[in-house]
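In case you want the letters, here they are:
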Amino acid sequence: MGQDGLTRGLARGSKWRQCASSHYVPAGIDSTVVEQRIIEQAARLSNLGAVTAWAALRWYGATFFDGTAEGGRRCLPVPLVVGSDLRPDPRSSLSWEQLAPTERVVVAGLPCTTVQRALFDEMRRGGLWHAVRAMDMAAAAELISVELMLTYVEHRYAWTRVPLVREALLLAVDDSRSPQESSMRLVWRVVARLPTPVCNRPVFSLGGTLLGVPDLFDPEAGLVGEYDGADHLQDDRRLRDTSREERFRDHGLEYFRVVKGELGAADHVAQRMLQARGRAPFLDEADRSWTLTPPPWFGVPETLDERLVRLGMVSTLTHC
């Protein structure tokens, strides 16, 4: 504020909104838009600080990091790594941890930590399941793979909550497509204590017909697991889901479904998973009428690591 800009009198008027200490924006700008909240808090930073954790990942394009909690009912403070003194503000959370110059980049005009540092900070922000979902969703956005994140964490010996991050990376995958899928897999692994499944892997008939791409698949048991969110309640989607289930069952596969709202009762869902696995056929490979081997027409899908190499991102992501 000053003689040539916004005066204190104007700032107190209805046409302006305070977004941080000594920072104002026009009142008509929507403060609930997550990118706007990130921009407003980033404006407070010195040339040594950066946006980090979920906010930086969102800025990189990882849309599942929406800056909310409690099912969207509460906005999270924007996480900042600060290189100098900064007045506390409830709209941001401040960290004074070390930030190497090589871990600070400007992305579309905004100072951010690198992808790996942002994910590292986000994974340390909550519990184990939160950390797994964060890694899964960064991979779903094709920002970084589990393998590359493991390489990064190898160099973080003395940082706070590193053991949590390492434990989460052992449970994380590159192939989850939503936080709900990740939570379902965690119920399978952590609560039901079942073997590691494959995720979003195409399953074919022996004749080369695509049967479906299950959210979770146990090839040893011959068991398909699907998470059905709110979009699956639509009539046309229900019809497709029913047809897909029939295809799986017609080829000797057992099937279970988890619907929106059930994951809060993890013990109950785990029990259903165990019961479904108990019904599964456990057929030898020679007796199966399905396969995970793609037919020639399908081709071999590119892995996330292969894609990151092709895009030239690996050297950047492994730099520490």
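Only a predicted model underlies this, so the values are computations on that prediction, with no experimental measurement involved.

This next bit is on the overall build of the protein. When its secondary structure is counted, the protein shows 12 helices and 15 strands. With the model as given, the accessible surface of the protein reaches about 16200 Å², and the carbon-plus-sulfur share is 52%.

A cluster of nonpolar side chains, namely Leu210, Val213 and Trp297, defines an oily patch on the protein surface of about 280 Å² accessible area. Examined against the element boundaries, leucine 210 turns out to sit in strand E11 (residues 210-212). Here leucine 210 falls in the partly exposed class, since its relative accessible area comes to 34%.

The next point concerns the environment of leucine 110. When you line up the elements, leucine 110 lands in strand E9 (residues 110-113). Here the alpha-carbon distance between leucine 110 and isoleucine 38, two residues 72 residues apart in the chain, equals 9.1 Å. Beyond its immediate chain neighbours, meaning those up to four positions away, leucine 110 contacts Ile38, Ile39, Ala42, Val51, Trp59 and Val105.

The next point concerns the environment of arginine 133. Here arginine 133 lies in helix H5 (residues 128-140). Distance in space between the C-alpha atoms of arginine 133 and valine 173 is 9.3 Å, their sequence separation being 40 residues. In this view, arginine 133 contacts Pro179, Ser182 and Ser183; residues no more than four positions away in its chain are not counted. In this structure the side chain of arginine 133 is engaged in a polar contact, spanning 2.9 Å, whose partner is the side chain of serine 183.

For the rest of this paragraph, the subject is the packing of aromatic side chains. Under the criterion given, the structure shown has 8 aromatic pairs. Judged by centre distance (6.1 Å) and plane angle (10 degrees), the rings of tryptophan 188 and phenylalanine 256 are stacked. Taken together, the positions of tryptophan 188 in helix H8 (residues 179-191) and phenylalanine 256 in strand E14 (residues 254-259) put the pair 68 residues apart, joining distant regions of the chain. Phenylalanine 256 gets classed as buried once you look at its relative accessible area, which sits at 6%. An aromatic cluster is present here, built from Phe120, Tyr152 and Trp159 joined pairwise through their rings. The ring centre of phenylalanine 120 lies 5.9 Å from the NZ or CZ of arginine 156, which sits over that ring. Lying over the aromatic face of tryptophan 159, arginine 156 brings its terminal NZ or CZ to 4.8 Å of the ring centre.

What follows is about the sheet that holds strand E10 (residues 203-205). The 3 strands are arranged E11-E10-E15 in an open sheet whose pairing can be described as antiparallel. Lying at the two open borders of the sheet, with one neighbouring strand each, are E11 and strand E15 (290-291).

Any empty space left between atoms is shown by rolling a water-sized probe over those atoms. Counting across every chain of the model gives 1 cavity of 30 Å³ or more. Of the pockets and cavities examined, the largest cavity occupies roughly 30 Å³. Lining of the largest cavity is provided by Pro219, Glu220, Ala221, Gly222, Pro281, Leu283, Arg288 and Trp290. Along the lines of polarity and charge, the residues of the lining of the largest cavity split into 5 nonpolar, 1 polar and 2 charged.

Rules and cut-offs
- Residues numbered from 1 in each chain as written.
- Predicted model: local features only at pLDDT ≥ 70, side-chain atom pairs only at ≥ 80, totals over all residues.
- Heavy atoms only, no water.
- Helix = DSSP H or I, 4+ residues; strand = E, 2+ residues; numbered from the N terminus.
- Areas by Shrake-Rupley, 256 points an atom, 1.4 Å probe, with all protein chains shown as cover.
- Patch = residues over 30% accessible without salt bridge, like charges linked within 9 Å, V, L, I, M, F, W, Y side chains within 5 Å.
- Salt bridge = Lys/Arg side-chain N within 4 Å of Asp/Glu carboxyl O.
- Buried < 20%, exposed > 50% of the residue type's maximum accessible area, 1.4 Å probe, protein only.
- Contact = heavy atoms within 4.5 Å.
- Polar contact = N/O pair within 3.5 Å; in protein donor to acceptor, adjacent residues only side chain to side chain.
- Phe/Tyr/Trp six-rings, centres within 6.5 Å; stacked < 30°, edge-to-face > 60°.
- Lys NZ or Arg CZ within 6 Å of the ring centre and 35° of its normal.
- Pairing = 2+ DSSP bridges.
- 1 Å grid on protein atoms, 1.4 Å probe; cavity = no way out; pocket = protein on both sides within 12 Å on 5 of 7 lines; lining within 4 Å.
- Points joined across faces, edges and corners; volume = space filled by probe spheres on them.
- Nonpolar A, V, L, I, M, F, W, Y, C, P; charged D, E, K, R; others polar.

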